[in-house]
Every structure is written in structure tokens, then in C-alpha cells.
Amino acid sequence: MPFDAPSFNETSPTFAHVLLVLETASLDGIADIPETTRRRLIRDVHQFCRWAGRNPDNLSTHPRTIQSLTRDWTGATFGVSDKRYANVLSSLRRALALARDIFFDRKPAQQLEGPWADLMSGLQSSWAKPVLSPFVRWCAAQGITPDAMTTQIAENYLSYRENRDVRHNRQKLTKQLRNAWARAQRDVTDWPRVPLEIGESTQGYMLPWEVFPKSLRDEVENYRKSRGVQTGVGSSQDVSLRDVLMKANPELAESNTVLSIEDPLGQRTLDEQTHTLRLAASTAVRADGCSPDDLICIADITTPASAAATAEEALTRNGKNSSYAGNLIKNLRSVRARWTGLSEEEKHLFKSLRKKAEEGVDLRAMRPQNREKLAQFDDPARLRRLITWPRRRMMVLEQERKHSGRVTQNMALDAQACVMGLLLMSLPVRRGTLTITRIEENFRWPTLRKGGTATLSYSSQETKTERPAAVVLSEWKVDLLRTYLRDYRPRLLSQNDRSNPFLFPGQKPGQPKSYSRIAKTMTQAVRKQVGVHVNMHFFRHLMASLLLRQSRNLDMARALLGHSDGSAVTKLYAEMQQRWSAEDLDRITTRMSKEHGRLQRSGNAK
């Protein structure tokens, strides 16, 4: 049956074989296609090999090889349009099918009929339909009826796709299929009730606060409201504060516990520490097998043992060459020191844990993956595409809007990403600050009566380092912002949320877009339009490095990011400065060598 998953081995033919078959028309079916089509297939296969940077003689046609190459590709990666990129992949699928008798298609071409067709008709306007269509067509071609559906059938389909797609991300496809199936069950009455329990558990590593006892939630909320300082306690009230602690926990009376009395915390730090507390509580339940009901107070999730378990999970997820695990330990220690107090033994344990978590992490040097990301922008054309992306994309969106007379959800999200990029290129703030940007409070708009310039500013309470930040916006940037506010932002607002004050509105009325959605929108837009994977935090440092490369002034880069003098992050830019200085020296010596060569040739001629 043509829909059985094919078996491949390490001796899969190379692309040279595919080209030979196409050029000589040596297999049945190839001689019947038009000559222009055959030449186009040959041309696009050569193009694919050039994009891969490989010779056709040593590039395997094994699906896994092709998928590993195309995983992070977009048209922008090679400076071509999305349409041209899609056409090349389409030609590649057809060429491989002709040369190897393996159909690299996402779904069978047969017309859908019978019970599956009746069910799919109930999804006419749902986003789930294009996701489920390939799966349903595959099931119909295999003779699988809706009432025979099982999770194993879905797993077989995923394996089928994995062996037949030139682009494949099994994790992403699994999530899409699972969610689309659940949506179809909600929207279509007769849809099969069997759940598709495919892939990993849908439960993330962060559990919602609602699963934990009210006492813990209330104490975390009190911690936030008091900004990390026990209510009614100041730096001159150590004795009364100790009395409060002893009453809450008599065992502390026998220990040499010391409470850290410090200034109130800023909002960004509180958000980060609250996130860490939730992560620690989630780790205790998922990894340590603790019952949520046993976690009744902050003291239960800020012990050195809890910090060790939380950091260990972080190292497993993010790798050992990361300071994230050390920061988690630092946050948990800070909360415990401020709220419940630290014994000398606990101080020693926290110190040892953080030292162990940060082994091999050089905080004064750039991480290898960031160095590699930065190297992508040594190509002036790629850097130019990134810098000009917001303006170019908005021009395309405006042409589409004026031509069609409407704004779709995807167009509005694209415009939103353009504004995010525009602001980060003007004032590279952290995503937490960008999230809470308000239209009226953070922008000053020029008027006909008062005139002036447009400015974007944030107060000290809105930045993590508690340093105010501001920038004057160019006229074209103001025009782009107003276009977004007038024509695209309303498409992102629900009917009962027209007065949302935030520049990037969230799904809940009156709330901003979440940190994660802001980051996802921005990252996906850069990948699609520029062809590189750059997260928001790296984007911020990329802008500072661009300024540093032009000015060679570390103080200017530090001031742009709002860092303190001598901060660890600022020291990283010394590495960049050294590298670019070496490049300048190389250009100078190369120029002098060429001049010397010309003088020698001139002397010999005489």
C-alpha cells in the first residue's frame, strides 16, 4: 500500500542520483512530464543543494537529513521571497518522488468522501480544519473509519509524516494535531470522543497557583504587596521582627537564624522571584512527588533542598552552560533571607549550591551560542534586513490592507511584531518593560497646537534596574506607530476591551499581552522576515553591540541598556570590542600589504 511508512537505511541515494535521473529521464513517468517542468525541477534541486552548502554527490536524500537542514530555514534565510522558497521545496518533493518512488506529500490527493467528509464539513471556518485535513485524508486512504480511531493510529500517522516530509517538526506537529482534535471534539457533535494522548504530557513544568493551598498563595501575595519586607518592620526593628518570626516558628528560637533587612524590592525583581517560587513549588510536586497540600507557606519551598531540586531541573532543561540555575538559587535564597531568615548552615548550603550550579559558566565571557548568534550578523546584508524589517513589512501590510480593504488577525499580529521591533531598535528595554508599555502614559505625542517631538519614556518604577529610560522618536516611526494604532491594533481587541490602555493588548480585558506571547510574536516574526532565530533578550544586546561597533564606547552601550558600572553583562562587550579592534587591525595590515605589492610591481615595471 503506498501509504505504509517506507524504510530507509544509511545507503539512501544522493542528490546526484536524483539529478542524473531527471537529466537522463531514465525512469518511467519522467519522460512524460514537459521539458520546461523537468528543467525547473533540476534547477530547484541544484538551488536546494546550494542553500545546504553541500555538493549533490555527498548530500543524502534521507528524509532525516533533509529535515535537519530545513528545520530553521525560511525564505529570508537566503534572501528570497516566501513564495520562491515554497516553490523550491515543492519542486524538491516532486523530484524525490519521481526519482525514488517515494511520495514526499503531507496528505493523499484522493477526494475525501464518506463519514470523514461529513465530519470535516462541520469545521468549515475553524483553524483546526487545515491541521486535521492531512490526518483525516491519510486515515481515509488507509481505510480507517472515525469510530475505529485510537491513539496508536495517530502515532502511526506521525511516523508516516516523519518519513515523508522535507520539513518536519514532530513535537510541533504533535501539539497541533492534539489541540486541533480537541477543538473538533468541542465544535462537532459527532466527532469521535476518543482523546488523542500523543506525544509528551500537555502539562508544562509550571503548575498553576490554583493547585496549591490558599495559605501559600496568600503568603506569596503578601510578600509581593510588602515588596519583600515584613509588614511594619524596618531596619531599626530587628528585635520585634525576630519576635514575629519566633511566634510563627518556635524552632528558630534555638537556632542562630538571621533575617536580612533590606530595602523594598522593585516590581521586576518581585515578578522574577514570584516566578521562581512558583517553579520551586511545581518542582516539589512533579519531581519530588510532594503533595501540593503539603506546601503551606513560603518556608516550605525556599529550603536549600528545594533550591537544589529546582536548579537541577533547570540544568536538565537548559544545559550546564547557563547561569539560569544559579539565578534560581539566588532568588530562593533572597526570598528566604527576607521573609523567614537564614541560619548560618543554610547560608553555607546556598553558597555551595550556587557555586556548584555555576561550575563551568564564565560570567565574564560570552556564551558560545550567543557568540554564534552574533556572528550571523557579520553579514552586512543580513543585518540590513533585520534593521529595515519593521518598515519594509509594514509597507507590504499597508499595500495588502488597501488592496483588500480589511485587516486579518495575522496581519494585525505582523504589524504588532513590527512595532515591537521598532521600539526595541529605538530603546532596547527588557521584555517585562515592553509588555507594560501604555499608549498614554509612556508616549508623548506631538500636537498641532503644542508641537514638539514624540518621545517614549519609562519611569524608574517600570524598569528592572530602576533607572529611567527615554528616547525621541523619528517622524517616520511616529507615522508607523499611528498606523498600527489606527488600523491594526483594533483588530486585536475584543468587543468589551476597547479601552485597553496597553500598546500590546492581551487576551484578558484591560491586561497587556503576556511575556511569553510577546517573546513568541517577536521571535517568529524575526525568523520569518530575516531568517535567523533571535530571542528578545539577545535582540536587546544585539542593538547595544551595534552601537558599540559604531562608537567603540563601552559607557554608551552600558547606558543604553541601563546597566550599572562594572556589571557582568557590560564586561561581555569588552570581548566584542577586542574582536572588532582586531578586525580593524586586519584591514589596516591587509591594505598596507596591497599597497606594498603595488609599489613593488610599479618598481619592477620601471
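Our subject is the structure listed above.
A quick note: this is a predicted structure, and the numbers were derived from the prediction, not measured.

### Looking at the overall build of the protein
- Tallying secondary structure elements over the protein gives 23 helices and 3 strands in all.
- Across the 606 residues of the protein, 44% fall into the buried class.

### Digging into the pattern of salt bridges
- Taken as a whole, this structure holds 16 salt bridges when the rule is applied.
- Two residues, D44 and R84, come together in a salt bridge whose shortest N-O distance is 3.1 Å. In this pair, D44 sits in helix α2 (residues 35–52) while R84 sits in helix α4 (residues 82–100), placing the two residues 40 residues apart along the sequence.
- Overall, the relative accessible area of 1% leaves D44 in the buried class.
- By relative accessible area, which is 24% here, R84 ends up partly exposed.
- As a salt-bridge pair, E155 and R170 come within 3.1 Å of each other at their nearest N and O atoms. Placement of the pair is E155 in helix α7 (residues 151–162) and R170 in helix α8 (residues 170–187), with a sequence separation of 15 residues.
- When salt bridges that share partners are traced, they join R64, E155, E162 and R170 into one network.

### Quick notes on the environment of A182
- By the element assignment, A182 lies in helix α8.
- Sequence separation of A182 and V194 is 12 residues, and the distance between their C-alpha atoms is 9.6 Å.

### Some words on the nonpolar core
- Of all hydrophobic cores here, the largest spans 51 residues; its most connected members are L423, L434, Y488 and F504.
- Of all the secondary structure elements, the ones that give two or more residues to this core are α16 (380–404), α17 (409–426), β2 (454–458), β3 (469–473), α19 (475–488), α20 (515–530) and α21 (536–551).
- The contact partners of F504, leaving out residues within four places of it in the chain, are Q416, V419, M420, L423, L434, Y484, P512, K513 and I518.
- L265, A280, A281 and A311 belong to the second largest nonpolar core, which has 31 residues in total.

### So, the packing of α16 against α17
- In contact at an axis separation of 9 Å, α16 and α17 are set at 150 degrees when each is read in the N-to-C sense. Taken together, α16 and α17 sit at an angle that is classed as roughly antiparallel. Judged by the twist between their axes, the crossing of α16 over α17 is left-handed. For the pair α16 and α17, contact is made by L386, I387, W389, P390, R393, M394, L397, E400 and R401 and by M411, D414, A415, A417, C418, G421, L422 and M425, respectively.
- A per-class count over the contact of α16 with α17 returns 12 nonpolar, 1 polar and 4 charged.

### A short note on a nonpolar patch on the surface
- Where nonpolar side chains cluster on the molecular surface, the patch consists of L585, I588 and M592 and spans about 290 Å² of accessible area.
- Residue position: I588 is located in helix α23 (residues 568–605).

Reading guide: rules and limits
For every chain, the first residue of the written sequence is number 1, and numbering continues from 1 along that sequence. The predicted nature of this model means local features are confined to residues of pLDDT at least 70 and side-chain atom pairs, given and counted, to a pLDDT of 80 or more, with totals for whole chains, interfaces and linings taken over all residues. Calculated side-chain values reflect all of the structure's heavy atoms, with hydrogen atoms and water omitted. To qualify as a helix, a DSSP run of H or I must reach at least 4 residues; to qualify as a strand, a run of E must reach at least 2; elements of each kind are numbered from the N terminus. For the exposure calls, accessible area comes from a 1.4 Å probe over protein chains only, and a residue counts as buried if that area is under 20% of its type's maximum, exposed if over 50%, partly exposed in between. A carboxyl oxygen of Asp or Glu within 4 Å of a side-chain nitrogen of Lys or Arg is what we treat as a salt bridge. Here, the term nonpolar core denotes a set of buried Ala, Val, Leu, Ile, Met, Phe, Trp, Tyr and Cys residues that are joined through side-chain atoms within 4.5 Å. In this analysis, two residues are considered to be in contact whenever any of their non-hydrogen atoms come within 4.5 Å of each other. Each axis is a line fitted through C-alpha atoms, and for a helix only the stretch in contact is used; angles between axes span 0 to 180 degrees, taken between their N-to-C directions. The scheme is simple: roughly parallel for angles under 35 degrees, roughly antiparallel for over 145, roughly perpendicular for 65 to 115, oblique for anything else. Left-handed describes a crossing in which the near helix is turned anticlockwise from the far one by less than a right angle; the clockwise case is right-handed. Gly falls in the polar group here, along with every residue not listed as nonpolar (Ala, Val, Leu, Ile, Met, Phe, Trp, Tyr, Cys, Pro) or charged (Asp, Glu, Lys, Arg). Patch construction takes residues with relative accessible area above 30% that form no salt bridge. Like charges are linked within 9 Å, and nonpolar side chains (Val, Leu, Ile, Met, Phe, Trp, Tyr) are linked within 5 Å. Reported accessibility uses the Shrake-Rupley method at a 1.4 Å probe radius. Residues are deemed covered only where the shown protein chains occlude them.

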